[in-house]
Amino acid sequence: MANEKIGFIGGGKMAEAILAALAFATGRSPGDVIVSDVSAERRDVLARTHGVIVTPDNRQVLAEADIVFLCVKPQQLEDLLVDVAPHVRGTHLVISIAAGKRLAFFESRLPAGRVVRVMPNLAALVGASMNAYCLGGRCRPGDRATVDRLLSSFGQALAVEEALFDAVTALSGSGPAFVAHWVESAVQGGVGLGLSESDARVLTYQTLLGTARLLAEGRFEPQALIQAVSSAKGTTVAGMEVLTRTTMADDLRRTLAAAAARSRELSA
Ligand SMILES: NC(=O)c1ccc[n+]([C@@H]2O[C@H](COP(=O)([O-])OP(=O)(O)OC[C@H]3O[C@@H](n4cnc5c(N)ncnc54)[C@H](OP(=O)(O)O)[C@@H]3O)[C@@H](O)[C@H]2O)c1
């Protein structure tokens, strides 16, 4: 495993999730990770919990790290890039996880630096993020392997054309919220059938987890899974007869389309 020094500018929720998973998966010493944040309280939490080096100075991160994750909110980026641009060199791999900020936004503000755009999701907190990425025009041939390796250490990595980032943002970026909405309806459905709320939650969450693993590990395609659970005149068939007559599939398509349209509106 390569031992580049890794930096984070912005030490909030996403940075913490990524750095914790990265250190765990790659066996990096916490001393090889440096994080800057404007908040002394955040710096203190990160140093105490993860043993990483912390600093209030973004330039120190750029001076010490080869790979730098930009983890501030999208609206904080404009000022941040003005401040750090003179310190970004061609040797830096700059990885942005900001929603809606295009590669061109970074490349026009940073005269040097190889830029990568990533859309992770909140499952980074459990090392199961879906990380779609796109390399900028200044990236070198070896950068794809480096990025793939880093992103795979806190979830799954998938290279995607930048034009598809609004679709990715809708499906996997916002996706955990849409799935959680469905899950809540299923839990309440279980309660309506007489289960206690806590039992309904356990039953629903484990069913979600098990189904996701069957599909993600390639044991079944969705249609084959439905067939495998369905027996003639059985309970699944009775439920599917109702489900396939609802507008759920159409509603989900419209939900994703609305999220993708909003992502396009917010992009810069
Ligand atoms: N949360 C998600 O589910 C999710 C999913 C995909 C992508 N993302 C992207 O991840 C990025 C980070 O999100 P987050 O939820 O981790 O945000 P967050 O918790 O607000 O973390 C950002 C941190 O950066 C600090 N900061 C602000 N300006 C700074 C500066 N100039 N220099 C150094 N530190 C600075 C903030 O301090 P203050 O709070 O004091 O401003 C805060 O501690 C965003 O761009 C977001 O679009 C988030």
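Each chain carries its own residue numbering, running from 1 in the direction its sequence is written. Local features in this predicted model are restricted to residues of pLDDT 70 or higher, and side-chain atom pairs are both shown and tallied only at a pLDDT of 80 or more, whereas totals for entire chains, interfaces and linings draw on every residue. Each side-chain value is derived from all of the structure's non-hydrogen atoms; neither hydrogens nor water enter the calculation.

**Observations regarding the packing of aromatic side chains**
The rule is short: rings of Phe, Tyr and Trp, with Trp giving its six-membered ring, pair when the centres are within 6.5 Å, and they are stacked under 30 degrees, edge-to-face over 60, tilted in between. Within the structure shown, the criterion is met by two aromatic pairs. Each ring, one from Phe 8 and one from Phe 69, has its centre 5.0 Å from the other, and the planes form 10°; the classification is stacked. One end of the pair, Phe 8, is in strand β1 (residues 6-9); the other, Phe 69, is in strand β4 (residues 67-70), and 61 residues separate them in sequence. Pair check on accessibility: Phe 8 and Phe 69 agree, each one buried. The interplanar angle of 85° and the centroid separation of 5.3 Å between the aromatic rings of Phe 105 and Phe 106 together place this pair among those described as edge-to-face. Comment: elements are numbered from the N terminus, with helices defined as DSSP H or I runs of at least four residues and strands as E runs of at least two. Three labels apply to residues, based on accessible area from a 1.4 Å probe with only protein chains included: buried if under 20% of the type maximum, exposed if over 50%, partly exposed otherwise in between.

**Observations regarding the site of the ligand**
A cutoff of 4 Å decides nearness: a residue is near a molecule or strand if any of its heavy atoms lies inside that distance of it. Taken together, 21 residues lie near the ligand, and Met 14, Asp 37, Val 72, Gln 76 and Ala 99 sit nearest. Here an oxygen atom of the ligand and a side-chain polar atom of Gln 76 are 2.9 Å apart. In protein, a polar contact requires one atom able to donate a hydrogen and another able to accept it; more generally it is a pair of N or O atoms within 3.5 Å, and residues adjacent in sequence count only if both atoms are side-chain atoms. The backbone of Ala 99 places a nitrogen or oxygen atom 3.0 Å from an oxygen atom of the ligand. The Shrake-Rupley method, run with a 1.4 Å probe, gives the accessible areas here. Residue values count only the displayed protein chains as cover. Contact with the protein chains removes 77% of the 900 Å² of surface that the ligand exposes when unbound. In the scheme used here, Gly and all other residues not listed as nonpolar or charged are polar, with Ala, Val, Leu, Ile, Met, Phe, Trp, Tyr, Cys and Pro taken as nonpolar and Asp, Glu, Lys and Arg as charged. Of the residues that constitute the shell around the ligand, the class distribution is twelve nonpolar, five polar and four charged.

**Quick look at the sheet that holds strand β7 (residues 129-135)**
In sheet architecture, strand pairing relies on hydrogen bonds along the backbone and comes in two forms, parallel and antiparallel. Strand pairing requires that DSSP identify at least two bridges connecting the strands. Across the sheet, eight strands lie side by side as β3-β2-β1-β4-β5-β6-β7-β8; this open sheet has mixed pairing. Looking at the sheet topology across the chains shown, the edges are occupied by β3 (53-55) and β8 (155-159). Sheet twist, expressed as the mean angle between neighbouring strand axes with direction ignored, is 25°. Fitted lines through C-alpha atoms give the axes, limited to the stretch in contact for helices. The angle between two N-to-C directions lies from 0 to 180 degrees.

**What to know about the pairing of β7**
Counting buried positions along β7 yields six of seven residues, so the element is predominantly enclosed. Strand direction decides the pairing type here: β7 and β8, joined by five bridges, are parallel. Within β8, the residue paired with Asn 131 across the bridge is Ala 157. Once the chain exits β7 it traverses helix α6 (residues 143-152) before rejoining the sheet at β8, and the crossover so formed is right-handed. Here, the term right-handed applies to a crossover whose path from the first strand over the helix to the second runs clockwise when the strands point away from the viewer.

**Details of the side chain of Asn 58**
Mapping Asn 58 onto the fold places it in helix α3 (residues 58-64). Classification of Asn 58 by relative accessible area gives buried; the value is 15%. Pairs of residues are marked as contacts when any of their non-hydrogen atoms sit within 4.5 Å. Excluding anything up to four places from it in sequence, Asn 58 contacts Ile 9, Ser 36, Leu 80, Asp 83 and Val 84.

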